[in-house]
Amino acid sequence: MNWTSFDTWIVVVGALCALACALPGCFLVLRKMSMMGDAISHAVLPGLAIAFLVTGTRASVPMFLGAAIAGLLTALFTQWIMRFGNVDRGAAMGIVFTTLFAVGLLLIRRAADHVDLDPGCVLYGAIELTPLDTVSVGGLDIPRAALVNGGVLLANLLVLTLLYKELKLSSFDPDLADTLGYSSQFLHYLLMTLVAVTTVAAFESVGSIIVIAMLIVPPATALLLTHRLLPMLLLSAAAAVLAAVTGHLGAIVVPRWFGFESTTSSGMIALASGLIFLLAWLFSPSQGIVARRFRRALDPPPLSNTETETT
Amino acid sequence: MPDFSDIFEVLLLQNYNTRLVVLSTTLLGIAAGLVGSFLLLRKRSLMGDALSHATLPGIAIAFAVMVSFGGEGKSLPALLLGATISGVAGIATMLLIRNTTKLRDDVAMGFVLSVFFGVGVASLRMVQDIPGASAAGLESFIYGKTAAMVASDFLLIALVAGAASLLSLLFLKEFLILCFDDGYAASQGWPTLFLDILLLGLVTAVTVIGLQAVGLILVIAFLITPPTAARFWTQRLLPMLLISAFIGGVSGWLGASLSALTPQLPAGAVIVLVAAVLFLVSLFFAPERGVLPRFLNQAALRRKEDRQHFLRAAYEIVEEQASGGSVANRSFPFEALLAKRSWSPHQLRRILRVARREDHLEPTPPGRLRLSEPGFGEAARVTRNHRLWETYLIQYADVAPSHVDRDADMVEHILGAELVRELEAKLVGALPDLSVPPSPHPFPSPSA
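Chemist: Just to check I follow, could you spell out the overall build of chain A for this structure?
Modeler: If you tally the helices and strands in chain A, you get 14 helices and two strands. Taken across its 311 residues, chain A has 55% of its residues classed as buried. By sequence separation, contacts in chain A at least 24 residues apart represent 72% of the contacts at least 6 residues apart. Total accessible area computed for chain A in this model is approximately 13,700 Å², and 68% of it derives from carbon and sulfur atoms.

Chemist: Explanation requested: the overall build of chain B in the structure shown.
Modeler: If you tally the helices and strands in chain B, you get 20 helices and two strands. Considering chain B as a whole, with its 448 residues, one finds that 50% of them fall into the buried category. For chain B, the share of sequence-separated contacts (at least 6 apart) that also reach a separation of at least 24 residues comes to 68%. Accessible surface computed for chain B: about 21,400 Å², of which carbon and sulfur atoms make up 63%.

Chemist: Even after reading the chapter, I still don't get the interface of chain B and chain A, so can you show me in this structure?
Modeler: The parts lose accessible area when they come together, and the size of an interface is often stated as this lost area. Contacts between the two partners involve 58 residues from chain B, matched on the other side by 59 residues from chain A. Carbon and sulfur atoms supply 74% of the area buried between chain B and chain A, which totals about 5,000 Å² over both sides. For the chain B face of the interface with chain A, the top three residues by lost area are Met126(B), Tyr143(B) and Gln264(B), together amounting to 13%. For the pair chain B and chain A, the number of links is zero salt bridges. Of all the secondary structure elements, the ones that give two or more residues to the side of chain B that touches chain A are helix 3 (47-54), helix 5 (76-100), helix 6 (105-127), helix 7 (140-143), helix 12 (219-231), helix 14 (267-285) and helix 15 (291-322) of chain B. Among the elements that line the side of chain B that touches chain A, the one with the most residues is helix 6 of chain B, at 17 residues. Residue classes in the side of chain B that touches chain A are distributed as 36 nonpolar, 12 polar and 10 charged.

Chemist: Hey, could you run me through the packing of helix 2 (residues 34-55) of chain A against helix 9 (residues 184-206) of chain A in this one?
Modeler: A pair of packed helices is characterised by two quantities: the angle between their axes and the separation of those axes. All names here are of chain A. At a minimum axis distance of 10 Å, the contact between helix 2 and helix 9 shows a crossing angle of 65°. Here helix 2 and helix 9 pass one another in a crossing that is right-handed. Residues Met36, Gly37, Ile40, Ser41, Val44 and Leu48 of helix 2 pack against Met192, Val195, Ala196, Thr199, Val200 and Phe203 of helix 9. Its residues placed into classes, the contact of helix 2 with helix 9 shows nine nonpolar, three polar and no charged.

Chemist: What exactly am I supposed to notice about a nonpolar patch on the surface here?
Modeler: All names here are of chain B. Judged by side-chain polarity, Trp233, Val277, Leu280, Val281, Phe284, Phe285, Leu292, Phe295 and Leu296 come together as a nonpolar surface patch covering roughly 850 Å² of accessible area. Taken together, the elements giving at least two residues each to the nonpolar patch come down to helix 14 and helix 15. With five residues, helix 14 is the single largest residue contributor to the nonpolar patch. Of the residues examined, Leu292 reaches a relative accessible area of 39% and is grouped as partly exposed.

Chemist: Would you take a moment to explain the side chain of His248(A) for this structure?
Modeler: All names here are of chain A. With respect to the element layout, His248 can be found in helix 11 (residues 229-257). Of the residues examined, His248 reaches a relative accessible area of 4% and is grouped as buried. Leaving out residues up to four positions away in the same chain, His248 has contacts with Trp3, Asp7, Ile10, Val11, Ser265 and Ile269.

Chemist: What am I meant to see in the packing of helix 3 (residues 60-85) of chain A against helix 9 of chain A here?
Modeler: All names here are of chain A. Packing of helix 3 against helix 9 leaves a shortest axis separation of 8 Å and a crossing angle of 140°. On the basis of their axis angle, the class for helix 3 and helix 9 is oblique. Of the two elements, helix 3 crosses helix 9, and the hand of that crossing is right-handed. For the pair helix 3 and helix 9, contact is made by Phe64, Ala67, Ala68, Gly71, Leu72, Ala75, Leu76, Gln79 and Arg83 and by Gln185, His188, Tyr189, Met192, Thr193, Ala196, Val197, Val200 and Ala201, respectively.

Chemist: Just to check I follow, could you spell out the confidence of the model for chain A for this structure?
Modeler: Residue and element names in this part refer to chain A. Per-residue confidence for chain A gives a mean pLDDT of 83; residues scoring 70 or more make up 89%. Per-element mean pLDDT across chain A ranges from 46 in helix 14 (residues 305-310) up to 90 in helix 12 (residues 265-283). Counting interchain partners and residues more than four positions distant, the pLDDT-below-50 stretch residues 306-311 has one contact.

Chemist: I'm lost on the pattern of salt bridges in this one. Help?
Modeler: Charged atoms that come close allow side chains of opposite charge to pair. Residues and elements named next belong to chain B. Following the criterion strictly, the structure yields 14 salt bridges over all chains and no others. With a shortest N-O distance of 3.2 Å, Glu316 and Arg312 are connected by a salt bridge. With Glu316 and Arg312 both in helix 15, this residue pair falls four residues apart, about one helical turn. In this pair, the class of Glu316 matches that of Arg312, namely buried. Within this structure, Arg312, Glu316, Glu319, Glu320, Lys340 and Arg387 form a network of salt bridges that share partners.

Chemist: Sorry if this is basic, but what is going on with helix 1 (residues 5-30) of chain A here?
Modeler: An α-helical segment advances 3.6 residues per turn. Residues three or four places apart therefore align on the same side. Residue and element names in this part refer to chain A. The end-to-end C-alpha separation of helix 1 is 37 Å, in line with the 38 Å expected for 26 residues at 1.5 Å each. Taking the largest bend as the criterion, helix 1 deviates by roughly 30°, centred on Pro24. With respect to burial, helix 1 is a largely interior element, 20 of its 26 residues being buried. Remark: Lys32 follows helix 1 within two positions and exhibits a positive phi of approximately 60°.

Chemist: Can you help me understand the packing of aromatic side chains in this one?
Modeler: How two aromatic rings sit relative to each other is set out by the distance from centre to centre and by the angle between their planes. Under the criterion given, the structure shown has 10 aromatic pairs over all chains. Considering the side-chain rings of Phe171(B) and Phe175(B), the 6.1 Å spacing of their centres and the 40° angle between planes classify their relative orientation as tilted. Taken together, the ring pairs connect Phe277(A), Trp281(A) and Phe111(B) into an aromatic cluster. Across the ring face of Phe84(A), the terminal group of Arg83(A) is positioned such that the distance to the ring centre comes to 6.0 Å.

Chemist: Explain the confidence of the model for chain B to me, please; I cannot follow it from the model alone.
Modeler: Regions with low pLDDT should not have their predicted coordinates read in detail. Mean pLDDT over chain B stands at 83; residues scoring 70 or higher make up 89%. The element-level mean pLDDT for chain B is lowest in helix 1 (residues 4-11) of chain B, coming to 71, with helix 12 of chain B highest at 92.

Chemist: Could you clarify how one ought to interpret the environment of Pro285(A) in this entry?
Modeler: Residue and element names in this part refer to chain A. With respect to the element layout, Pro285 can be found in the loop between helix 12 and helix 13 (289-298). As for Pro285 and Leu225, which are separated by 60 residues in sequence, their C-alpha atoms are 7.2 Å apart. Those residues in contact with Pro285 that lie beyond four places of it in its chain are Leu225, Ala291 and Arg295.

Thresholds applied
- Residues numbered from 1 in each chain as written.
- Chains lettered and ligands numbered in written order.
- Predicted model: local features only at pLDDT ≥ 70, side-chain atom pairs only at ≥ 80, totals over all residues.
- Heavy atoms only, no water.
- Helix = DSSP H or I, 4+ residues; strand = E, 2+ residues; numbered from the N terminus.
- Buried < 20%, exposed > 50% of the residue type's maximum accessible area, 1.4 Å probe, protein only.
- Contact = heavy atoms within 4.5 Å.
- Areas by Shrake-Rupley, 256 points an atom, 1.4 Å probe, with all protein chains shown as cover.
- Buried area = accessible area lost by both parts, 1.4 Å probe.
- Salt bridge = Lys/Arg side-chain N within 4 Å of Asp/Glu carboxyl O.
- Nonpolar A, V, L, I, M, F, W, Y, C, P; charged D, E, K, R; others polar.
- Axes fitted to C-alpha atoms, helices over the stretch in contact; angles between N-to-C directions.
- Left-handed = near helix turned anticlockwise from the far one by under 90°.
- Patch = residues over 30% accessible without salt bridge, like charges linked within 9 Å, V, L, I, M, F, W, Y side chains within 5 Å.
- Parallel < 35°, antiparallel > 145°, perpendicular 65-115°, else oblique.
- pLDDT = per-residue confidence, 0-100.
- Expected span 1.5 Å × (residues − 1).
- Bend = angle between axes of the 7 residues up to and from the residue.
- Phe/Tyr/Trp six-rings, centres within 6.5 Å; stacked < 30°, edge-to-face > 60°.
- Lys NZ or Arg CZ within 6 Å of the ring centre and 35° of its normal.

What follows is the structure, given as structure tokens:
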């Protein structure tokens, strides 16, 4: 295995991406809205396509705006269908994102002759190519994706530190937040905006579905290890970075075992975060399967009265 | 632009090239509409989402296995078998996470969806490097590739779709009880676990055959959109199933036909958009639960409430003026009416405008109001109903007299004539008789 600066940059981009996703992801998981990440990340497709068709370039800013607006519209439409149609949240979400995805697919196919916007690229990204597209900052060539994801990470950190207690309150008790004067509606849409922006920044490098793995899996892992918000945020950040590093390593090493050349890092990052989740699931000191088994073996529950009576 | 006869040829299945495609998406739509209804009622719509994403690694691995055994690697049944196995593994993981951790459904679904899809992407990429075997067509399972359908594929799809539809109709009663009250079903001795597994099995089957036709992302829409649309049209299960199957079938038929008529329109996307349009129509216009009819109903109820509030307030003012004597229809100032309830002057003026239009008010000098003869009669009737209701609440529901006014206020507007008669029968003697005095002259007998 030969590790190059290329690989370092891939890991850095992956880690920044995963970190940026894990922070809003924690709140998505706590608000029982994990699937919203799924919906938004599918639904950004038409935003991208329209931005491209209107401006005719693949410049970042219009694409970014288009996708962010599409993401926010997904949240909005879902809310409307839920409220006005009395529809279950899951169903409302499913309808909105599949429809938007279909619109995006149509737009892209219609323009396919003179466009090189590949829907495959949207779904699973091209993290391997990110180190090629660099921007010179202070004499140092830094991949554009690293800058974009780093910027989003900083923005997420900023919002999170500024509104930490508001977000915490509205995640655990939206009604109390409302009565205390912090609009939980506003915070909901703020969070959705964060998710949309983060998703857009991330999917260029890792693809729109792996983004969901980055949004949900590290926070879910953290939730298996702790029940407090701040440790949860830190743990999920750690799990995110670990997944990015081991995922890329795995992408280089694992295919050899089966006699293949190589594979995509983004897919392997998703797999790695899944495996980290599996470890936490099995070995978490408080809730892990093994720990619970042990506890049961060490101190068996006393026979209750009803049981002795029936035997 | 295709001309008229082309359109008819495709829509009526007379065109050989498109017949198979249109028929199979129609059948798929019907099956998905039926199975998806149960999924929706069980509040597990997004299960199809997680499931369909989880099929991807199975496709790639099935391909790799077939190639390593020296095959060509493109046999549809084998690929779909792989998809089924990994889909089932996905569901199993989801259920395991839900049952052994404190994480909720949404997290379990998101986990399975993204991690399995990640594995799928990684393994697709790996098998693409296999020398001598072209895996290029595998990606079409993500977006669907309807046009590339041959007769044997159609047979497979038709068979599975038919079986799934038949099974969901056969197990109608069992699924009904499972969807509406699984606890009750279990206590009555129904095998809920088996039924749940059967339902998920049907969902898996429909998803997997949908992969070929519309792709793994858009097949989700097939499972969710028609049932949700059908839900607006009815409150009963069987009609809902039929409407949902109809909407699914029509989307599949129209969508596939449209995409066959215009090159470059991928069938999956068009089908989803047709279904989305049908959903929007249902959302707004369905008579049972649509947004527009419900809005109109609410507006009518609000108008009725306003009218009754106004009439009763007016009657009570006139009653106070009579101070114990017989109540006669006199004029009263606007301010007295305004003080009766918590309505703003603007609101009250709007209500009064409606009352004038309905001939409940007589023309009066500004600032004074006077009920018309029919208005006064109606006011007496409304007030009487209110008091009947209050008396009932005090006598039978033990509501404190100080609270009874508000409680009666909340329920009285939906009183039907039937209920009023029942109240009268119950409360005989509790209220002074307000009935019309007996006629002073004899009636001519009808036989004469």
